[in-house]
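# Structural overview for review
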Amino acid sequence: MGAEKEVLLRMRGVKTYFPLRSGVFNRSSGNVKAVDGVDLDVYRGEIIGLVGESGCGKTTLGKSLLQLVKPTAGTMEYTFKEGTQDLMKLSRKELDLARKTLQIVFQDPYSSLNPAFTIFGSLEEPLKRFGVRKRADRERIIGDLLVSVNLQREHMTRYPNEFSGGQRQRIGIARALSVNPELIVCDEAVSALDVSIQAQVLQLLLKLKREMNLTYIFITHNLSVVEYISDRIAVMYLGRIVELTETDRLFAGALHPYTKALLAAIPVADLSRRKKRSPLQGDVPSPVNPPGGCHFHPRCPECQGVCRTEVPKLITRTIDGVEHAVSCHLVE
Amino acid sequence: MGETIIRVKDLHVHFYTNQRCNRVLNGISFDIRKGRTLCVVGESGCGKSVTANAIMRLLPELSRIEGGSISYLGPEGEVRIDTLERNGRQMRKLRGEDIAIIFQDPMTALNPVYSIGFQINEMLQAHDPSLRKKAATARSVQLLRDMGIPLPEQRVHEYPHQFSGGMRQRGMIAMAMACAPKVLIADEPTTALDVSIQAQIFELMESLKTERGTAILLITHDMGVVAELADEVAVMYMGSIVEYGTIEDVLTRPAHPYTKALLKSIPILGRGKKQQLDPIRGSTPDSFDRPKGCQFQPRCDYAGPECQLSMPEETLVSGVHRVMCRKHREVQSDGR
């Protein structure tokens, strides 16, 4: 990429809290800090991977971006064709139009399509909304979309139950593509699929990106998948980004102890790499009451005094010409 | 190599629904050995969970074991599990005491209205009616401690919802190991868990294998898990074991096109973006509308006209490595 990187989306201090209510009067008794201060730049035309374990806030961040859940604080500046705007300050109407450029593909291909609608019915909704008035036009566009995701034109008259999981996921992708978006959030888009089908969908996503010049935010817990598809990877832990760098660098020289442990924990289908495990102890703490200081310190093998009291900042350094951001006190 | 504890021979299981018959298992054979881990790997719908449930005799009412045998070779000689009454006295005694199972989702496998300790006690007392409650609870605490649950004295009185996912699975394993079974069947035990927790559970299972000599049948869809834990591997496709062998045989010298394609279709960690993924074309066929001949033939790169005639016979490649493919020599030697 080099110098001509254009920032498409600039997130600063994004926080999404879910209030907890308890007691008879439904009084607020704390917050689930799902996303707790995320700074992230997304460049045009890249695939950025967002990885972490369940409960680390990766899906919430994706949904916050599309304003499907309202973030509590922070800014999200998106560079539209007409100029830069903060997604969080858009009115309802503006937001509707913004969704023409921002789309999402959900994890579960079974629950994200309405079973009572034909594929045409599901796919024509966004087109109707964005001003394709003639039915013949919609049919042509949807037919082309289905072909581009390796399905057949005739499939549009069928119902979701007639399709397999992999096919449904491709329909979900076609739906996201129908309004010609620029940025697609893929939230665990291949996780529910069988391995032989996973590869088909991954290759389809890469093909579409090349053809339509898309930008992906690829949310997953599967590091092998994210290594294959992403240009850069952000590792999240309890609502914060702990490490962010280019893919090759992350796998060759991860700096954060959590990333290292995560990489070591993944089973690899390669006998020459069968290794002695030293798994992380304990569980991910509750995001309602996260540990003070560095969130990772209770599980960290290299924990020191300062980690218990001070929150480490995400500091970007340039190491061997590669930008490498990590939030750890122990990284010099 | 350890002695055989469970021998499955030419097992056929059919499901009968809506006046149709689904041939779920079409003659599968394998041995589960003491102190060894046998991994059964395959995609959804290939019959791997049915295999596990057939050994435990936990199949649904609409199913029948149509042929073959499942033998438990215990200290009192051979017991033919497939001929026992589904929920008869003998089968109930075997279940839990000699063969135990853990399931994929620990939340649905544990009863939410009873404490973990109660559920383990129930198991202990069912197999040893003379055991008093106090002694049983002490055993439960010890079991939880062995499985690496912190503060077991307190945890034993807690309910499943108070446990995290990984802890619940440890609780399940504690329950399964309560009567020190000789065989542990694990049906996708870590699919619902995070990788860091998965690694903890694997370590626990490895220690059960090496320290207690427990024979493990591990069912998974993840080739990575296979590479980490297996001693022997059985690859299943559409109700048949298409390839069986030691871990080295199957992962480094696959002889079945399906195994080979499966290994090439998954991204491998550490190989970066340059790795070539070759997806398997098409999708798994409908079990009511099976292809002719070899089940993998419509998706296979090596298939010829003879593959449409019949399911190929099982051939021995070397040692214990066996495969159901006519073209296995070609598959192994062409270097693709």
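Just above sits the structure.
Every value quoted in this text rests on a predicted model; they were computed, and no experiment measured them.

The rules behind each value
- Residues numbered from 1 in each chain as written.
- Chains lettered and ligands numbered in written order.
- Predicted model: local features only at pLDDT ≥ 70, side-chain atom pairs only at ≥ 80, totals over all residues.
- Heavy atoms only, no water.
- Pairing = 2+ DSSP bridges.
- Helix = DSSP H or I, 4+ residues; strand = E, 2+ residues; numbered from the N terminus.
- Axes fitted to C-alpha atoms, helices over the stretch in contact; angles between N-to-C directions.
- Contact = heavy atoms within 4.5 Å.
- 1 Å grid on protein atoms, 1.4 Å probe; cavity = no way out; pocket = protein on both sides within 12 Å on 5 of 7 lines; lining within 4 Å.
- Points joined across faces, edges and corners; volume = space filled by probe spheres on them.
- Parallel < 35°, antiparallel > 145°, perpendicular 65-115°, else oblique.
- Left-handed = near helix turned anticlockwise from the far one by under 90°.
- Nonpolar A, V, L, I, M, F, W, Y, C, P; charged D, E, K, R; others polar.
- Buried area = accessible area lost by both parts, 1.4 Å probe.
- Salt bridge = Lys/Arg side-chain N within 4 Å of Asp/Glu carboxyl O.
- Polar contact = N/O pair within 3.5 Å; in protein donor to acceptor, adjacent residues only side chain to side chain.
- Patch = residues over 30% accessible without salt bridge, like charges linked within 9 Å, V, L, I, M, F, W, Y side chains within 5 Å.
- Areas by Shrake-Rupley, 256 points an atom, 1.4 Å probe, with all protein chains shown as cover.
- Buried < 20%, exposed > 50% of the residue type's maximum accessible area, 1.4 Å probe, protein only.
- Core = buried A, V, L, I, M, F, W, Y, C linked by side-chain atoms within 4.5 Å.
- Domains from an automatic or database assignment.
- Arc of directions from axis to C-beta.
- Phe/Tyr/Trp six-rings, centres within 6.5 Å; stacked < 30°, edge-to-face > 60°.

Quick look at the sheet that holds strand 9 (residues 232-237) of chain A now. All names here are of chain A. The strand order across the open sheet formed by eight strands is 6-7-8-3-9-10-12-11, and the pairing between neighbours is mixed. The sheet is open, and its two edges are formed by strand 6 (102-105) and strand 11 (315-319), each paired on a single side. Going across the sheet, the axis of each strand differs from the next one's by a mean of 20°, ignoring polarity. Both strand 10 (residues 240-246) and strand 12 (residues 322-326) contribute to a ladder of three bridges, which runs antiparallel. Counterpart to Thr-245 in the pairing with strand 12 is His-324. Along the sheet, helix 5 (residues 165-177) makes contact with strand 6 and strand 7 (183-187), crossing strand 6 at roughly 175°.

Residue and element names in this part refer to chain B. Of the voids in this model, the second largest pocket is the one considered here, and its volume is about 690 Å³. Broken down by secondary-structure element, the contributors of at least two residues to the lining of the second largest pocket are helix 2 (89-97), strand 6 (99-102), helix 4 (116-127) and helix 7 (165-176). Take the lining of the second largest pocket: its biggest share by element is five residues, from helix 4.

This paragraph deals with the packing of helix 7 of chain B against helix 8 (residues 195-212) of chain B. All names here are of chain B. Two numbers describe how helix 7 lies on helix 8: the axes approach to 10 Å, and their chain directions differ by 20°. When the interaxial angle is binned, helix 7 and helix 8 end up roughly parallel. Between helix 7 and helix 8 lies a crossing whose hand is right-handed. Contacts between helix 7 and helix 8 pair Gly-166, Gln-169, Arg-170 and Ile-173 from the former with Ile-197, Gln-200, Ile-201, Leu-204 and Leu-208 from the latter. Partitioned by chemical class, the residues of the contact of helix 7 with helix 8 number five nonpolar, three polar and one charged.

The next point concerns the sheet that holds strand 1 (residues 4-17) of chain B. Residue and element names in this part refer to chain B. What the four strands build is an open sheet, ordered 2-1-4-5; its pairing is antiparallel. Edge strands, defined here as strands with exactly one partner in the open sheet, are strand 2 (20-33) and strand 5 (77-80). Adjacent strand axes in the sheet meet at a mean angle of 15° when their direction is disregarded. Bridge analysis of strand 1 against strand 4 (residues 63-74) gives eight bridges, and the strand direction is antiparallel. Within the sheet, the bridge partner assigned to Arg-7 lies in strand 4 and is Ser-71. Here helix 1 (residues 48-56) sits on the sheet and contacts strand 1, strand 2 and strand 4; the angle it forms with strand 2, its principal contact strand, is near 70°.

Below, the discussion takes up the environment of Ile-219 of chain B. On the secondary structure map, Ile-219 of chain B appears in strand 8 (residues 215-220). Apart from residues no more than four positions distant in its own chain, Ile-219 of chain B is found in contact with Val-40, Lys-48, Ser-49, Ala-52, Ala-186, Asp-187, Glu-188 and Pro-189 of chain B.

Take the interface of chain B and chain A next. Across the boundary between the two partners, chain B contributes 45 residues, which contact 39 residues of chain A. For the chain B and chain A pair, buried surface summed over both sides reaches about 3800 Å², with 54% attributable to carbon and sulfur atoms. Ranking the residues of chain B by area buried against chain A places Glu-228, Leu-269 and Lys-273 of chain B at the top, with a combined share of 22%. At the surface where chain B touches chain A, the tally comes to zero salt bridges. At the boundary of chain B and chain A, one finds seven residue pairs in polar contact (both at pLDDT 80 or more). Elements with a minimum of two residues in the side of chain B that touches chain A: helix 8, helix 9 (223-229), helix 10 (247-252) and helix 11 (257-265) of chain B. A total of nine residues in the side of chain B that touches chain A trace back to one element, the largest contributor, which is helix 8 of chain B. Class assignment of the residues belonging to the side of chain B that touches chain A gives a composition of 20 nonpolar, 14 polar and eleven charged.

Let's shift gears to a nonpolar patch on the surface. All names here are of chain B. Taken together, Val-113, Tyr-114 and Phe-118 make up a surface patch of nonpolar side chains, about 300 Å² in accessible area. Within the secondary structure, Phe-118 is located in helix 4. Classification of Phe-118 by relative accessible area gives partly exposed; the value is 41%.

Ranked by internal contacts, the top residues of the largest apolar core, which has 131 residues, are Ile-173, Phe-218 and Leu-223 of chain A together with Ile-120 and Leu-251 of chain B. With nine residues, the top contributor of residues to this core is helix 6 (residues 195-212) of chain A. For this core, the two domains that each supply at least three residues are domain 1 (114-179) and domain 2 (257-333) of chain B. Not counting residues up to four positions away in its chain, the partners in contact with Phe-218 of chain A are Ile-47, Ile-48, Gly-49, Leu-50, Cys-186, Val-190, Leu-202, Leu-205, Val-225, Val-226 and Ile-229 of chain A.

Residue and element names in this part refer to chain B. By the element assignment, Val-41 lies in strand 3 (residues 37-41). Taking relative accessible area as the criterion, Val-41 reaches 1% and is therefore assigned buried. Each C-alpha atom, one on Val-41 and one on Leu-309, is 26 Å from the other, the two residues being 268 residues apart in sequence. Look past the residues within four positions of Val-41 in its chain and what remains in contact with it is Lys-48, Thr-220, His-221, Asp-222, Met-223, Val-226, Val-233, Ala-234, Val-235 and Met-236.

Now for empty space enclosed by the protein. Where empty space is left in the structure can be found by rolling a water-sized probe over the atoms. Residue and element names in this part refer to chain B. As enumerated under the stated definition, the model contains four cavities of 30 Å³ or more in all. Its boundaries defined by the atoms lining it, the largest cavity holds a volume of some 70 Å³. Around the largest cavity, the lining residues are His-256, Pro-257, Cys-294, Phe-296, Gln-297, Cys-300, Ala-303, Cys-307, Pro-312, Cys-325 and Arg-326. Split by residue class, the lining of the largest cavity holds eight nonpolar, two polar and one charged.

This paragraph deals with helix 2 of chain B. All names here are of chain B. Those residues of helix 2 that sit buried are Met-91, Leu-94, Arg-95 and Gly-96. Looking down the long axis of helix 2, one finds its buried residues gathered within 170° of arc, a one-sided arrangement. Residues of helix 2 that are buried in the fold lie against helix 1, strand 4, strand 5, strand 6, helix 4 and helix 7.

With that settled, consider the packing of aromatic side chains. Under the criterion given, the structure shown has eight aromatic pairs over all chains. When the centroid spacing of 5.2 Å and the interplanar angle of 65° are considered together, the rings of Tyr-258 of chain A and Phe-296 of chain A count as edge-to-face. Taken as a pair, Tyr-258 of chain A in helix 9 (residues 257-265) and Phe-296 of chain A in the loop between helix 9 and helix 10 (305-309) lie far apart in primary sequence, 38 residues in all. Plain terms: the ring middles of Tyr-258 of chain B and Phe-296 of chain B are 5.2 Å apart, the flat faces sit at 65° to each other, and that makes the pair edge-to-face. With Tyr-258 of chain B in helix 11 and Phe-296 of chain B in the loop between helix 11 and strand 11 (315-318), the pair connects residues that are 38 residues apart, well separated along the chain.

Everything listed here is a matter of geometry and, on its own, says nothing about what the molecule does.
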